[in-house]
Amino acid sequence: MTATKVRKLLRGKGTQPLPRVEPRTFGVGESNEANVYVSGAPLYEDMLAAIEQARRRVLFESYIVKDDAMGRRFKQAINDAADRGVEVYVIYDGFANLVVKPSFFRFGPSVRVMRYPVLASGLRFWNPRNYGRDHRKILVVDDAIGFVGGYNVGQLYEDEWRDTHLALSGTAVWDLENAFVDFWNIHRPKERIEQVSRPTWDPEIRAHRNVPRQLIFPIRGMYLEAIDRAQKTIELTTAYFIPDTDILDGLIDASRRGVQVRILLPKVSNHVIADFLARGYFNRLLDAGVEIWRYSDHMVHAKTATIDGEWSTIGTANIDRLSLTGNYEINIEIIDGGFARGMRSVFAEDAAKAERLTAEAWHRRATVGRLYEWVLKPLKPLL
């Protein structure tokens, strides 16, 4: 039984398609434009259009690519780009796509493809630095536009999952291009890609990249710093909420010093164990005044946060150990009031479709739920 069917049964009703929402556009700094997508259909249309218009280079990386109508559209667009002379590179995660036939990832002869392996080979098998998954979703076209965020590629995500993605144009595209190039060159040193665009020091936009092979995990530090700075509001959306002690304490301390802390997550996600682990934190959060909002009708897969109406992040990392200290991830940090106000509007719209969990209701939850939370508690350090 699929996770989607499980959610339908638990809710007792069918999942209605999410409405189409056009992207919001923001100017960020002097030289960048940012489009925020909360709807899969316009995102996929714009990504495909960018690939179809490519003239020099396409860098495509996705954790999951479904072998369905949408996945095949992307495959065709990639092959077509290569056929007209565009330099094309593709990266996908082997573990996440085990259910996909290997033949699906056989592109045209001029497309250079990297399958990030399920397990490291040889002596590298014993090195914990090689166990992070490639959980990133990046598309860079002609070094002019870059996409990053929570959306994988597939029909399921087009109008059944509530996710968030970002498109950047301007000097900040270098960060996404560089992230792809560095990943490729680390794992394919004999087939190196050359950097095309030149870096700039944009004060408003910065990419943070987890690189397990180098034991670099800056996304966790980014969150801790931002939470520590919060004075008014923290609005956090995540698919899986299994925080470590420092992040949990940071959110609780912020609430106790008067910050309005709001966390939005799915009521029932596609990972039931992750749901019960998340619920193990609810007592402390609710007792400290943290607001917990649970999205009922659809799977929320977004990884975003906004603080004090000034700071925002959109990316691929969830608030769990796998994302913050395990996987290859990338988050974009944006310090811009106009952009943050837009992200606050997105959060408010999501919260309007969610249920707020009260401390009273939570303390009255069923005994069987408490039992599951207790039994699964030892798994928290692993997820």
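Criteria and thresholds
- Residues numbered from 1 in each chain as written.
- Predicted model: local features only at pLDDT ≥ 70, side-chain atom pairs only at ≥ 80, totals over all residues.
- Heavy atoms only, no water.
- Pairing = 2+ DSSP bridges.
- Helix = DSSP H or I, 4+ residues; strand = E, 2+ residues; numbered from the N terminus.
- Axes fitted to C-alpha atoms, helices over the stretch in contact; angles between N-to-C directions.
- Contact = heavy atoms within 4.5 Å.
- Parallel < 35°, antiparallel > 145°, perpendicular 65-115°, else oblique.
- Left-handed = near helix turned anticlockwise from the far one by under 90°.
- Nonpolar A, V, L, I, M, F, W, Y, C, P; charged D, E, K, R; others polar.
- Phe/Tyr/Trp six-rings, centres within 6.5 Å; stacked < 30°, edge-to-face > 60°.
- Buried < 20%, exposed > 50% of the residue type's maximum accessible area, 1.4 Å probe, protein only.
- Lys NZ or Arg CZ within 6 Å of the ring centre and 35° of its normal.
- 1 Å grid on protein atoms, 1.4 Å probe; cavity = no way out; pocket = protein on both sides within 12 Å on 5 of 7 lines; lining within 4 Å.
- Points joined across faces, edges and corners; volume = space filled by probe spheres on them.

Draft legend 1. Fine view of the sheet that holds strand E15 (residues 304-307). In space, the eight strands of this open sheet follow the order E10-E17-E16-E15-E11-E12-E13-E18, with mixed pairing throughout. What marks the edges here is a single partner per strand, and that holds for strand E10 (205-210) and strand E18 (354-357). Going from strand to strand, the sheet's axes swing by 15° on average, the running direction of each strand aside. As defined by bridge partners, strand E11 (residues 233-237) adjoins strand E12 (residues 260-266) across five bridges and the pair is classed as parallel. Bridge pairing links Leu236 to Ile263 in E12. In this fold helix H5 (residues 173-187) packs onto E10 and strand E17 (329-335), with an angle of close to 20° to the strand it touches most, E10.

Draft legend 2. Spatial organisation of the packing of helix H6 (residues 218-229) against helix H7 (residues 245-256). Axis separation between H6 and H7 bottoms out at 9 Å; the angle between their running directions is 15°. Between H6 and H7, the crossing angle belongs to the class labelled roughly parallel. Between H6 and H7 lies a crossing of left-handed hand. Mapping the contact onto sequence places Arg220, Leu224 and Ile227 in H6 and Asp246, Ile247, Gly250, Leu251 and Ala254 in H7. A breakdown of the residues in the contact of H6 with H7 according to their chemical character gives five nonpolar, one polar and two charged.

Draft legend 3. Seen up close, the packing of aromatic side chains. Here the structure, examined in full by the defined rule, presents 16 aromatic pairs. Ring centres of Tyr223 and Trp311 lie 6.3 Å apart, and the angle between their planes is 70°; this geometry places the pair in the edge-to-face category. A residue pair is termed long-range when its members are at least 10 positions apart, and Tyr223 in helix H6 and Trp311 in strand E16 (residues 311-315) qualify at 88 residues. On the accessibility criterion, Trp311 (9% relative accessible area) is buried. Members of the aromatic cluster, each reached through a chain of ring pairs, are Tyr44, Phe60, Phe74 and Tyr151. Stacked on the ring of Phe107, the Lys or Arg Lys75 has its end atom at 5.8 Å from the ring centre. Across the ring face of Phe276, the terminal group of Arg279 is positioned such that the distance to the ring centre comes to 4.7 Å.

Draft legend 4. Region of the structure containing the environment of Glu310. Structurally, Glu310 can be placed in the loop between E15 and E16. Expressed as a C-alpha distance, the spacing of Glu310 and Gly337, which sit 27 residues apart in the sequence, is 4.5 Å. Ignoring sequence-local partners within four residues, the contact set of Glu310 consists of Ile334, Ile335, Asp336, Gly337 and Ala340.

Draft legend 5. Layout of empty space enclosed by the protein. One pass over the structure, following the stated rule, counts five cavities of 30 Å³ or more. Put simply, the largest cavity is a space of about 60 Å³. Taken together, Arg162, Thr164, Glu235, Thr237, Thr304, Ala305, Thr306, Met343, Val346, Phe347 and Asp350 make up the lining of the largest cavity. Counting only elements with at least two residues in the lining of the largest cavity, the list comes to E11, E15 and helix H11 (337-352). Examining the composition of the lining of the largest cavity, we find that four residues originate from one element, H11, more than from any other. Split into classes, the residues belonging to the lining of the largest cavity amount to four nonpolar, four polar and three charged.

Taken by themselves, the reported measurements are silent on function.
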